[in-house]
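# Structure assessment
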Amino acid sequence: MPSRDGLLIAPAAPLLPQVLLLHVLAWASVLLAAAGLAWSGTDIGALALVLLQGAAAWGLSFRLELPRWWQWINLGFFPAAWLALQAELSPAWYLAGFALLALTQWGAVSTRVPLYLTGRRAREEVARRLAGYPGGSFLDLGCGTGGLLAHLARSNRAARLHGVETAPLPWLASRLRLGRRAEVRLGDLRDEGLAGHDVVYAFLSPEPMARLWQQARREMRPGSLFISNSFAVPGIEPDETVELDGGRQTRLLIWRMR
Ligand SMILES: C[S@@+](CC[C@H](N)C(=O)[O-])C[C@H]1O[C@@H](n2cnc3c(N)ncnc32)[C@H](O)[C@@H]1O
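Definitions and cut-offs
Residues numbered from 1 in each chain as written. Predicted model: local features only at pLDDT ≥ 70, side-chain atom pairs only at ≥ 80, totals over all residues. Heavy atoms only, no water. Pairing = 2+ DSSP bridges. Helix = DSSP H or I, 4+ residues; strand = E, 2+ residues; numbered from the N terminus. Axes fitted to C-alpha atoms, helices over the stretch in contact; angles between N-to-C directions. Patch = residues over 30% accessible without salt bridge, like charges linked within 9 Å, V, L, I, M, F, W, Y side chains within 5 Å. Areas by Shrake-Rupley, 256 points an atom, 1.4 Å probe, with all protein chains shown as cover. Salt bridge = Lys/Arg side-chain N within 4 Å of Asp/Glu carboxyl O. Buried < 20%, exposed > 50% of the residue type's maximum accessible area, 1.4 Å probe, protein only. Contact = heavy atoms within 4.5 Å. pLDDT = per-residue confidence, 0-100.

## What about the sheet that holds strand 7 (residues 251-256)?
- The 7 strands lie next to each other as 3-2-1-4-5-7-6, forming an open sheet whose pairing is mixed. The open sheet terminates on both sides in strands that have one partner only, identified here as strand 3 (182-186) and strand 6 (240-243). Between one strand axis and the next, the sheet turns by 15° as a mean value, whatever way the strands run.
- Strand direction decides the pairing type here: strand 1 (residues 137-141) and strand 4 (residues 199-202), joined by 4 bridges, are parallel. Paired with Leu141 across the two strands is Ala202, which belongs to strand 4.

## Here we look at a nonpolar patch on the surface
- Nonpolar side chains collect at one region of the surface, where Leu100, Leu103, Leu169, Leu172 and Leu176 lie side by side and expose about 460 Å² of accessible area between them.
- If you list the elements that add at least two residues to the nonpolar patch, you get helix 4 (91-110) and helix 7 (168-178).
- The element that contributes the greatest number of residues to the nonpolar patch is helix 7, accounting for 3 residues.
- Counting through the fold element by element, Leu172 comes out in helix 7.
- Take Leu172: its relative accessible area is 38%, and that puts it in the partly exposed class.

## Let's talk about the environment of Phe231
- On the secondary structure map, Phe231 appears in the loop between strand 5 (225-229) and strand 6.
- Not counting residues within four places of it along the chain, the set of residues in contact with Phe231 comprises Tyr116, Phe203, Leu204, Ser205, Pro206, Met209, Leu253 and Trp255.

## Points about unusual backbone geometry
- Of note, the phi angle at Glu65 is positive, near 55°, even though the residue is not glycine.
- For Glu65, the position within the fold is in the loop between helix 2 (45-63) and helix 3 (68-87).
- What makes Glu65 exposed here is its relative accessible area of 68%.
- A positive phi angle is found at Glu88, which is not glycine, with a value near 50°.

## With respect to the confidence of the model for the chain
- Overall, the predicted model of the chain reaches an average pLDDT of 89, with 91% of residues at or above 70.
- Counting contacts from residues 1-12, a segment whose pLDDT is below 50, to residues more than four positions away or on other chains yields 23 contacts.

Shown next as structure tokens:
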């Protein structure tokens, strides 16, 4: 029976090793088939090889029930890499692309949380909740480019604002944008204490939610709010759900700590 006191949820199998393994298996089966064909005198060529590898990787992703977007990535990864090789781009382009991704999306690697931003309605709702704690302390876990903190700095002038962000470029954008109006730390949200904050906000992904809830229960004081944009805590009903209109159909899930 789900309860507020928290279930220990078994963690899902790590995604990255699964993806690496399925590509190895897809290559092994395709190369074996190609070797068989070559032995009987048929050469299928490089393009057919990568297309078959993509199809095999997609089939395995489907069998493993990986998230839909991972199925598409696995289908297209090696065919796209092969096409890119045909274009004979300078290696500097790949390095630049990798550096840009690492600087902006580091959280996607370390905690499987990419960068996307809180919308206007959600900002207003969070500001309204924070107003219930005059002079209160607010923490944005993974504050991105600081848009929510900037909104709160304007709407809740007395609030003490904090953010933590792991990706260097968004962190720098937050720092420049907020100056002294918020304390924004470059670091991992898993090292951030939650005690002493009146409102803690997370717009992350399903992956860290069970662990975060356990931490919130241990550290946040009774009466404070834990707010998640869009992502549920497995097995724990929120005290309030605010549906947010807009294309992304997001919602705020709000727990009042006891
Ligand atoms: C969905 S965005 C939300 C941004 C911002 N809170 C907002 O609402 O506009 C999630 C952010 O969390 C950051 N992030 C992911 N994993 C993190 C981690 N382990 N520690 C700190 N920040 C992290 C990402 O880099 C990204 O900027």
